[in-house]
Amino acid sequence: MPKFINKSAFLRIAAVVAPALAGGLILAAPSSGLQAQTSQPPVLPGYWEYTTSAVGSRDTEQKCVRPSEINRFFGGLSTRRYQCTYPVREVGSGNARFEGSCVSRSGRQVRVRLNGTYQPESFSFRGGASVRAAGLWSPYIPATITARRISAQCPANAEYF
C-alpha cells in the first residue's frame, strides 16, 4: 500500500463498509440466465430466512419469495443501492459460483466472489467482497450467506422479497 494512504483509515473504511455490503452484495446478481443449466428453479418459493455475516457482523432477515421471484432471490438479493453484474455464474448439480462487480449510485465499486452449495430448501455460500477506496482495492473481506426455507406458506404479515 502506498505510504500516502493511511492503512488504519483504509482498514476502518473496509470494516464499516463490509457488513453493509455483505447483505446487499453478496448475492446481488441479476436474474437472467440463472437457469441456463437446469429447467427447474434451484430453490423453492416460500417463506425464507437468510443470514449474512462479514467482519464479525451478522444480519438475519425473513422474506416471502413468490415463484416469480425465485431466480432473483437465489441469483441475487436485489438492492436499491448497487447495480451488479456477474460474468461468472455457474449453477447446477447442487453447486453454485458467482464472480462479478457492483457499483453504487454514488460510484462506489465492489468486487464479489461466492461459491457454495444449494438444495431446494437451503443454500450456503462463502466468499468475500473487495472494496475500492482511495483508488485501491482492499483485500477480499470474508463473508457468508446461509438461507433456509422456513415454510411453503408465508404468514399474513410477511415482508415480500
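**Let's talk about the overall build of the protein chain**
A tally of regular secondary structure across the protein chain gives 2 helices and 8 strands. Listed N to C, the secondary structure of the protein chain is α-β-β-α-β-β-β-β-β-β in terms of helices and strands. Sorting the 161 residues of the protein chain into buried and exposed places 42% on the buried side. Accessible surface, the protein chain: about 8800 Å² in total, of which carbon and sulfur atoms supply 49%.

**Some points on the pattern of salt bridges**
Taken as a whole and judged by the stated rule, the model has 7 salt bridges. Where E99 meets R97, a salt bridge forms, and the shortest distance between an N and an O atom there is 2.6 Å. For E121, the salt bridge goes to R149, with nearest N and O atoms at 2.9 Å. Taken together, the positions of E121 in the loop between strand 5 (109-119) and strand 6 (122-133) and R149 in strand 8 (residues 141-151) put the pair 28 residues apart, joining distant regions of the chain. What makes R149 buried here is its relative accessible area of 16%. A single network of salt bridges, built from pairs that share partners, joins E61, K63 and E159.

**What about the packing of aromatic side chains?**
When we look at a pair of aromatic rings, we describe it by the centre distance and by the angle of the planes. Under the counting rule described, the total for this entry stands at 3 aromatic pairs. Seen from their ring centres, W48 and F123 are 5.8 Å apart, and the 35 degrees between their planes marks the pair as tilted. Note that W48 is positioned in strand 1 (residues 46-54) and F123 in strand 6, a separation of 75 residues in sequence. Overall, F123 belongs to the buried group, its relative accessible area being 4%. Between F123 and F125, the ring centres sit 5.3 Å apart and the planes meet at 35 degrees, which makes this aromatic pair tilted. Accessibility assignment for this pair places F123 and F125 in one class, buried. Among the aromatic side chains, those forming a connected cluster through ring pairs are W48, F98, F123 and F125. One cation-aromatic arrangement involves R111 over W137; the distance from NZ or CZ to the ring centre is 3.8 Å.

**Some details on the confidence of the model for the protein chain**
When the pLDDT values of the protein chain are averaged, the result is 75; 69% of them are 70 or greater. Taken as a whole, residues 1-38 scores under 50 in pLDDT and shows 91 contacts with residues more than four places along the chain or in a different chain.

**Describing the pairing of strand 4 (residues 95-104)**
What you see with strand 4 is a clean split: A96, F98, G100, C102 and S104 sit on the buried side and N95, R97, E99, S101 and V103 on the side with no burial. Alignment of strand 4 against strand 5, held across 9 bridges, turns out to be antiparallel. Of the residues in strand 5, the one forming a bridge with R97 is N115. Counting the residues between successive antiparallel strands, the hairpin from strand 4 to strand 5 contains 4 residues, one of them, G107, with a positive phi of roughly 100 degrees.

**Description of the state of the cysteines**
Counted according to the given criterion, the structure contains 1 disulfide. In this model C64 forms its disulfide with C154; the gap between the sulfur atoms is 1.9 Å. Between C64 and C154 the sulfur-sulfur dihedral comes to about 85 degrees; the bridge is accordingly right-handed. Highlighted residues: C64 in strand 2 (residues 57-65) and C154 in the segment after strand 8, separated in sequence by 90 residues.

**What to know about the nonpolar core**
Counting residues in each nonpolar core, the largest one holds 23 residues, and the members touching the most others are F73, F74, F98, F123 and F125. Only strand 1, helix 2 (70-75), strand 3 (82-92), strand 4, strand 5, strand 6 and strand 8 provide two or more residues apiece to this core. When residues in this core are grouped by element, the largest group, 4 residues, is from strand 5.

Conventions adopted
- Residues numbered from 1 in each chain as written.
- Predicted model: local features only at pLDDT ≥ 70, side-chain atom pairs only at ≥ 80, totals over all residues.
- Heavy atoms only, no water.
- Helix = DSSP H or I, 4+ residues; strand = E, 2+ residues; numbered from the N terminus.
- Buried < 20%, exposed > 50% of the residue type's maximum accessible area, 1.4 Å probe, protein only.
- Areas by Shrake-Rupley, 256 points an atom, 1.4 Å probe, with all protein chains shown as cover.
- Salt bridge = Lys/Arg side-chain N within 4 Å of Asp/Glu carboxyl O.
- Phe/Tyr/Trp six-rings, centres within 6.5 Å; stacked < 30°, edge-to-face > 60°.
- Lys NZ or Arg CZ within 6 Å of the ring centre and 35° of its normal.
- pLDDT = per-residue confidence, 0-100.
- Contact = heavy atoms within 4.5 Å.
- Pairing = 2+ DSSP bridges.
- Disulfide = S-S within 2.5 Å.
- Core = buried A, V, L, I, M, F, W, Y, C linked by side-chain atoms within 4.5 Å.

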